[in-house]
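Here is how the chains run, residue by residue.
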Amino acid sequence: MSTGNEADDAPDFARNEGEFGSGEVPSEYETDESVEEYKTTAQRVAGVLKRDKLALAGAIVVVAFVLTAVFAPYIAPHGPEEQFGFMQEPMSQSTGDFDGDGSVETVTHYLGTDDFGYDVLTRIVYGSQISLLVAFATVAFAFTVGTTLGVLAGFYGGWIDTLVMRGVDFVWAFPTIILGVGVIAVMGGLGWVNVVVAIGIAFVDDFARIIRGEVLSIREEEYITAARAVGMGDGRIMFREMLPNAVSPLIVQATLMVPFAILGEASLSFLGLGVKPTTPTWGLLISGGRGFISQAWWISVMPGLAIMAVVLAFNTLGDGLRDAFDLSEGEVN
Amino acid sequence: MWRYIAKRTGHAIFVMWMVATTVFVGLRSVPGGPVRAMLGQEATPSAVASLRADLGLDQPLHVQYVDWLGGMLSGDFGRSITSSETVGALIGSAAPKTISIAAFGVVLGLAVAIPAGIIGATRRNEPADYAATVGAFVGISMPAFFIGILLAIVFGVQLGWFPVVGYTSPSEGVVPWLKSIVLPGIAVGLPYAAGVTRMMRSSLIETLDEQYMRTAVAKGISSRVQLYKHALQNAMIPVVTIAGIQLALVLGGSVTVEIVFGIQGLGRLLVNSILERNYPVTQMTILLVAGIFVFMNLLVDVAYTAIDPRIRYGGEQS
Amino acid sequence: MAANQPPVLEVENLHTQFPTDRGTVKAVDGVDLSIEPGEIVGLVGESGSGKSVLAESVLGIVEDPGEIAGGDIRFGGESLLAMSERERQSIRGGRVSMVFQDPMNSLNPTLTVGEQIAETVRLHQDTGESVSLSAEMKRKIVGAAKNGEAWRRAIEMLETVEIPEPEARAADYPHQFSGGMRQRAMIAMALACEPDLVVADEPTTALDVTIQAQILEELEDLKDEFDTAILLITHDLAVVAETCDRVNVMYAGEIVERAQTEELFANPEHPYTQGLIASTPQLDNPDASLEPIEGNVPDLIDVPYACHFAPRCPEAERECFEVHPDFRPVGDGDHEAACLRRGPEEDQL
């Protein structure tokens, strides 16, 4: 039914010609379409930290922990081998000349002293160094091995994939501590490296899985085909093209993994199978106080509370980061 | 369904074999050789040689392997280096302790976690939910042995309700036995319960959102019946998975918790055997623990057939 | 049709809303609808038109935070909104029931099909079987009493919807049924208590075309057999043309046109309806050009213009944006359209 066709290309069924055709509205009804802003990674993290109070608290504690570990000698109130009275209660005081300057001062033992007379707070502060170090080393180990395996498995597929992932899966499911103990047995002794491997091996799976997922999903993407066409070798493709995309879940996973590494190291130390540094790790501190729980419970409890605080902090921070990067719980542990 | 169970059992046996082989190879690849590690650096060559012969380590590897496997299948688990008891006897006295504690922890953990998760899901963001969530969070933030220490201090030392050291066998009375496993049981059960609670809660929340729950509402079914008759079984499926995976935590935790409470269980045995380089004991203990672990996962697989009709009865028949 | 019977369903000026961070979504914005006993009434609309929310409102199962903010829904003369939730619950599934769109996910995977039918029977009819929580749990674990009346009725219903070997099939789980059979089971479930009204929300959309035809035919037969009225909600004009006695066309929360089916397709009046029909391929006129309606269904948050269709309407005038279009009689019979540019000459813009 033609209505006299001008520029108006009204559909056939329109009986009349409207002042406003399809898609046109009077000016006062115009609405702006709002476009979602693109936020950089840093902005999103900042956003989450502002909203999620728990994550913020976690972040603060994590930073405090790292700073304490790095600057331990400056933060600790006393020396780790400085002796005071034995098994003094938290918030008790000691009077004497401790810094050898001839004058007598009074110091407060906020967390008490242990069976050797060492200040518990000081020992905890020094202990953070090794705990932090080992935890980070463990995560780094698991990260390296895990991403390598994951990239290989995802890239080559087939039986390599099956073999690697099955093996990694089993190791992951197996009780961490027992696995760790077993690895230490096999590696023939104690020491730094053994502990890192012993615990790290259990966490390889999480990283491997994430990377493998990314690799699988982009393996077929065009820019990989393009890279191949240009003659890029497999290795370059894997590391230059595929890896960078998986960065955010990996960061979240690493953050969530640190607390497990701390717990694992603490357990191994507690068993006497961990690192034996000059100043004890938190696990060793707890172990040391075990015989005195009836008289001086604080010797074991204080380091334990420290572990708990740090683990909680990393967990809340990791959860918050996971939200910031918009990852589901299925993707990251 | 039977095919599924058979498949899972086969898989379990295969895994056990893999573990056994790994243990076998692993312990023989200790740097310097296991015998030297056991005797120490100053050992005389003749002492080394005789111990090697004793343990059969001078045979070719494949012969050792067959001997070892064959021995195990016929009940010969070797002898302890340090004490002259058979490994079988040592493990036999240690295992019941660990198993009691682990079982108690799991049962208690499930009994707490499942209702807690249900409450968390049905009363979201109410105080009860927060309590459950916080409890779960705390439960996974502390190493099991620390929980054990705290419990020992509060309930053992301060209140004196439970013993702090030692295990009492059930043959000496059920109540004393229970009292001796309560605190260690809670210590290993709490981290376990934490994981299960979180999964129960999130799984139930997801299930309640499913389309078939809308159908139930549209049929006029009361909300309590909706929850228990319609939603719960569906929500349990992922929970069974987690309950299985988290068993690793219980087994791992018992290793350290046994030390805290001075219980001569498998954990103690394992750690001591490593420190003493008592490899025959080490390898059997690890194997046993792996065996318990694999077996428990097999049970979980079987549990699926009870919970998910899609596994119990095959697929479509039009 | 007895002239003195009240309509099975009367929706009057219904407003259903969802408060959100960005504003209130007016999913159902002043809808009138009525259904007489034994009729099949179609409700046509695209996704986003509010038709599913309307269905949920009738059943009283609008999900939080949605709520009915105004108007009334009368069922057999009684106001549903004035009843207590308890009373509504007793009607739901019994006198009015719903068939959902997605048979794959609308049946509970852990209950047998027979039990899912039987439980409505127990709830809404007098079978002498208990519906307490403990009885239900026992039934879940051990299975329903096979010689109970509810179970027998479930088998009967499966037979009615032509599922072969109904006795054996009743003990099967939904995953053992094919898609078409699942939908039939849902229909059986909806009809088990001989409701006065069945609300069918896209009952055939998720099914293969051949099965679609079968299901629709069955719905019609069952309607006669059980003397049930049906509110058939769909976006598929072909389904409507095939099955319905009367049709309501819905757009952006409002009904824009209603008529007897034949009349609507012969003389569509509202520009939206016209556009809808023009954009549907016609089998008997394959070379006719398809004319899509420009634009998208609006965001239902605080729609600022009076006629919701105005921005996309080729005939829109300024008044269309400012004055709310009322229903004007058009065409034959009780055909009416809500458009300022339709109706008797003197009322047109």
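Residues numbered from 1 in each chain as written. Chains lettered and ligands numbered in written order. Predicted model: local features only at pLDDT ≥ 70, side-chain atom pairs only at ≥ 80, totals over all residues. Heavy atoms only, no water.

A few words now on the overall build of chain A. Within chain A, the secondary structure is distributed over 12 helices and 2 strands. The N-to-C order of helical and strand elements in chain A reads α-α-α-β-β-α-α-α-α-α-α-α-α-α. The 333 residues of chain A split such that 49% are buried. If you take every contact in chain A between residues at least 6 apart in sequence, the share linking residues at least 24 apart comes to 70%. Of the accessible surface of chain A, which amounts to about 15,900 Å², a share of 58% is contributed by carbon and sulfur atoms. (Helix = DSSP H or I, 4+ residues; strand = E, 2+ residues; numbered from the N terminus. Buried < 20%, exposed > 50% of the residue type's maximum accessible area, 1.4 Å probe, protein only. Contact = heavy atoms within 4.5 Å. Areas by Shrake-Rupley, 256 points an atom, 1.4 Å probe, with all protein chains shown as cover.)

Moving on, we get to the packing of helix α5 (residues 87–122) of chain B against helix α12 (residues 266–275) of chain B. Residue and element names in this part refer to chain B. The contact between α5 and α12 brings their axes to 7 Å, and the two run at 130°. Relative to α12, α5 is oriented oblique. On α12, the residues that touch Leu90, Ile91, Ala94, Ala95 and Thr98 of α5 are Leu266, Gly267 and Leu269. Considering only residue class, the contact of α5 with α12 consists of 6 nonpolar, 2 polar and no charged. (Axes fitted to C-alpha atoms, helices over the stretch in contact; angles between N-to-C directions. Parallel < 35°, antiparallel > 145°, perpendicular 65-115°, else oblique. Nonpolar A, V, L, I, M, F, W, Y, C, P; charged D, E, K, R; others polar.)

Another point: unusual backbone geometry. All names here are of chain C. Residue Pro65 follows Asp64 across a cis peptide bond; omega there is 0°. With respect to the helices and strands, the residue Pro65 is situated in the loop between α1 (51–59) and β4 (67–75). One non-glycine residue, Glu165, lies in the positive phi region at around 50°. Note on placement: Glu165 falls in the loop between α6 (149–160) and α7 (166–169). Accessibility expressed as a relative area gives 60% for Glu165, which makes it exposed. The phi dihedral of Glu202 falls on the positive side, at around 50°, and the residue is not glycine. Assessed through its relative accessible area of 5%, Glu202 is described here as buried.

As a further point, take the pairing of β4 of chain C. Residue and element names in this part refer to chain C. Summarising the sheet, strand β1 (residues 9–20) and β4 pair through 7 bridges and their orientation is antiparallel. Residue pairing for β4: Gln17 is matched across the bridge by Glu67. By the bridge criterion, 2 bridges tie β4 to strand β5 (residues 78–79) in an arrangement that is antiparallel. Paired with Arg74 across the two strands is Ser79, which belongs to β5. From the end of β4 to the start of β5, which pair antiparallel, there are 2 residues, and Gly76 there has a positive phi angle of about 55°. (Pairing = 2+ DSSP bridges.)

The values are spatial; any link to function lies outside them.
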